[in-house]
Amino acid sequence: MPIGAWSDALRNGSATAKEHSEQALERIAATESELKAFVNVTGDQARAQAEAVDQAIAAKQDPGPLAGVTTGIKDNLCTKGVTTTCSSRMLENFVPPYESTVTERLWKAGAVMVGKTNLDEFAMGSSTETSAFGMTSNPWDPGRVPGGSSGGSAACVAAGQCDVALGSDTGGSIRQPASFCGVVGLKPTYGRVSRWGLVAFASSLDQIGPFSRTVADSAAVLQVIAGHDPRDSTSLDVPVPDYSAALNRPIQGLKIGILQEAFVEGLQPEVEASVRAAAEQLASLGCELVDVSCPRFQAGIATYYVIAPSEASANLARYDGVKYGYRAADAESLSAMTAKSRAEGFGDEVQRRILIGTYALSAGYVDAYYKKAQQVRTLIRQEFDRAFEQVDLLLTPTAPTTAFAPGQHSNDPLAMYLADLLTIPANLAGLPAISVPCGFDGQGLPIGLQLMAPVLQEERLLQVAHHYEQAADVMANRPEAPLVA
């Protein structure tokens, strides 16, 4: 049930938050053994939060705009009193003494947390295979990955285990799993949503955003979590528009840029066909299609894999086995204890990225690699600025392929990194971007359409995505799938 309809049912007494949360927990119990979307199911907390919503309604108080909405929280967002592991042995027993800004805002809005969702360790990956607690399956085909790093959040929404979920997006970690799992995934403008309480991966790239089954639901969640936060120095102090009110504004006359560099060699033919059909659907709704070129778009992936590991190597230096986190036993000295703790506490992919980043920041190489990557990042952002002088939005596929099989890229990290080829540039430029379902391949796996907007233009992004979603109605004729709600 969409959030708007659910809110009406709750307020008119035809449903209760307690019943709704129990239904979500029952669905989790029925599907979780095969799906493994959650690291931790928080049934007691869900029941307590739902009871508070029902009591507020009984007392004729406003329960909040997300009252009773069942929510999954990616397990790199700190939740007070509830373990936050980042799907890593390094933080397996870490219980935060504080609440992240976004989750704090959700609970004040009446949302109900049903659990902490699985992810690639420290959000480093594109398939949720690097989690220390096991891989999440794709609800459309349990023999496929759900994407990553927010694979658990995408999967739990697609499987109907909860209404919405939060993820984090550093290089596509919301949009790519949204594409693989056939749900809506939104990455806001960098700074639109506070990162306070998000365990940092790459601080200049990370951004928190929602997963949902409809664009309208993503707009409702963004309305709650967006806004200035004095605790986050990168948080933008700008007004938050009414995103839901913007959804039904007309889109006739808007210019949609077809980004030529996104239709690359190796793009799965069914992906290209579905995305181009989606572009034609927008044209039929009155939008004007314009071919646009950003020549450095494909340089984004090389740029990202210098900047992100460099920032990760600095952010993860704090995990030394001293104050908190995993500590190795039987070490003979402080330095040996630190080295052994990091070797045992971090998985292979995290160690790989720390090594790359440390090398890129080392004396004699920082100018050749990190500084040069930052210069290219600026050029990429400038190319986007010039593109948006011609068009209102840019359109691309979200991912080059549909969901792949586990282990398909396990011995080829570069092939895995290419899964984020089309999503990374938006992070480098700090742009808002959204993935919406636009079709299915021959095996019944979802395909995602990506739209990108200028900085702080989430209104327009959601508006166009909503009109497309309503006109295309992709899920009306969806294939049968074992775990999809």
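Since this is a predicted model, take the numbers as computed values, not measurements. (Residues numbered from 1 in each chain as written. Predicted model: local features only at pLDDT ≥ 70, side-chain atom pairs only at ≥ 80, totals over all residues. Heavy atoms only, no water.)

Extensive coverage of strand β6 (residues 207-212) is indicated by the burial of six of its six residues. Bridge count between strand β4 (residues 164-169) and β6: five bridges; the pairing is antiparallel. Bridging from a neighbouring strand, S168 pairs with I208 of β6. Note: strand β5 (residues 184-187) against β6, two bridges, orientation antiparallel. Across the sheet, V184 pairs through a bridge with S212, a residue of β6. (Buried < 20%, exposed > 50% of the residue type's maximum accessible area, 1.4 Å probe, protein only. Helix = DSSP H or I, 4+ residues; strand = E, 2+ residues; numbered from the N terminus. Pairing = 2+ DSSP bridges.)

In this fold, S235 is placed in the loop between α7 (215-225) and α8 (243-246). For S235, a relative accessible area of 8% translates into the label buried. Side chain to side chain, S235 and H228 meet in a polar contact 3.5 Å long. Those residues in contact with S235, other than ones at most four positions away along the chain, are G191, G227, H228 and D229. (Polar contact = N/O pair within 3.5 Å; in protein donor to acceptor, adjacent residues only side chain to side chain. Contact = heavy atoms within 4.5 Å.)

Okay, unusual backbone geometry next. Backbone torsion omega between G148 and S149 reads 5°, so that peptide bond is classified as cis. Mapped onto the secondary structure, S149 falls in the loop between β3 (112-117) and α5 (151-158). In this structure, C86 is a non-glycine residue whose phi angle is positive, near 55°. Following the sequence through the fold, C86 ends up in the loop between β2 (70-74) and α4 (101-108). At T128, a residue that is not glycine, the phi angle is positive and equals roughly 65°. Tracing the sequence through the fold places T128 in the loop between β3 and α5. By relative accessible area, T128 is classed as buried at 0%.

The subject of this paragraph is the pattern of salt bridges. For the structure shown, the criterion picks out 16 salt bridges. As a salt-bridge pair, D229 and R231 come within 3.4 Å of each other at their nearest N and O atoms. Overall, D229 belongs to the buried group, its relative accessible area being 3%. Residue E272 pairs with R276 through a salt bridge whose shortest N-O separation is 3.0 Å. Here E272 pairs with R276, and both are found in helix α9 (residues 269-284), just four residues apart, close to one helical turn. A single network of salt bridges, built from pairs that share partners, joins E22, D44 and R47. (Salt bridge = Lys/Arg side-chain N within 4 Å of Asp/Glu carboxyl O.)

Locating M124 in the fold gives a position in the loop between β3 and α5. On the accessibility criterion, M124 (0% relative accessible area) is buried. Sequence-wise, M124 and K60 are 64 residues apart; in three dimensions their C-alpha atoms are separated by 45 Å. Setting aside its immediate chain neighbours within four residues, M124 contacts T130, S149, F201, A312, L316, E349, V350 and R353.

So, about the pairing of strand β8 (residues 288-292). Here five bridges tie strand β7 (residues 255-259) to β8, and the two strands are oriented parallel to one another. Residue pairing across strands places L259 opposite V292, the latter belonging to β8. Once you follow β7 into α9 and on to β8, the crossover reads as right-handed. (Right-handed = clockwise from strand over helix to strand, strands pointing away.)

With that settled, the discussion passes to the nonpolar core. Judged by nonpolar contacts, the single largest core of 142 residues is most densely connected at L106, F122 and F384. Beyond its immediate chain neighbours, meaning those up to four positions away, F122 contacts C86, S88, M90, L91, V199, F201, L316, Y319, F346 and V350. With six residues, the next largest nonpolar core counts V145, A399, A403 and M416 among its residues. (Core = buried A, V, L, I, M, F, W, Y, C linked by side-chain atoms within 4.5 Å.)

Turning next to the sheet that holds strand β1 (residues 38-41). The strand order across the open sheet formed by 11 strands is β1-β3-β2-β4-β6-β5-β10-β11-β9-β7-β8, and the pairing between neighbours is mixed. At either margin of the open sheet sits one strand with a lone partner, and together these are β1 and β8. Averaged over all pairs of adjacent strands, the angle between strand axes in this sheet comes to 30°, irrespective of strand direction. Each of β4, β5, β6 and β10 (433-440) touches α7; the most contacted strand, β6, lies at about 145° to it. (Axes fitted to C-alpha atoms, helices over the stretch in contact; angles between N-to-C directions.)

With that out of the way, let us pick up the packing of helix α2 (residues 17-35) against helix α3 (residues 43-58). Across the interface, α2 lies against α3 with an axial gap of 8 Å and an inter-helix angle of 160°. With respect to α3, the element α2 is oriented roughly antiparallel. Relative to α3, the crossing made by α2 is right-handed. Facing α2, whose interface residues are A17, K18, S21, E22 and L25, α3 presents G43, A46, R47, A50, E51, V53 and D54. Split by residue class, the contact of α2 with α3 holds five nonpolar, two polar and five charged. (Parallel < 35°, antiparallel > 145°, perpendicular 65-115°, else oblique. Left-handed = near helix turned anticlockwise from the far one by under 90°. Nonpolar A, V, L, I, M, F, W, Y, C, P; charged D, E, K, R; others polar.)

For the rest of this paragraph, the subject is α5. Counting buried residues along α5, eight of its eight residues qualify, which places the element largely inside the surrounding structure. G160, located one to two residues past α5, shows a positive phi value of around 75°.

Moving on, we get to the packing of aromatic side chains. This model, assessed by the stated rule, comprises 14 aromatic pairs. Taking 5.7 Å as the distance between ring centres and 70° as the angle between the ring planes, the aromatic pair formed by F122 and F346 counts as edge-to-face. With a gap of 224 residues between them, F122 in the loop between β3 and α5 and F346 in the loop between α11 (334-345) and α12 (348-361) connect regions that are remote in the sequence. Each member of the pair, F122 as well as F346, is classed as buried. When the ring of W140 is compared with that of F440, the centres are 5.3 Å apart and the planes differ by 55°; the resulting orientation is tilted. Pair noted here: W140 is in the loop between β3 and α5 and F440 is in strand β10, with a separation of 300 residues, a long-range link. Look at W140 and you get buried, because its relative accessible area is 6%. By the ring-pair criterion, three or more aromatic residues cluster together here, those being F94, F122, Y319, Y324 and F346. In this arrangement the basic side chain of R231 is found over the ring face of W196, its NZ or CZ atom lying 4.2 Å from the centre. (Phe/Tyr/Trp six-rings, centres within 6.5 Å; stacked < 30°, edge-to-face > 60°. Lys NZ or Arg CZ within 6 Å of the ring centre and 35° of its normal.)

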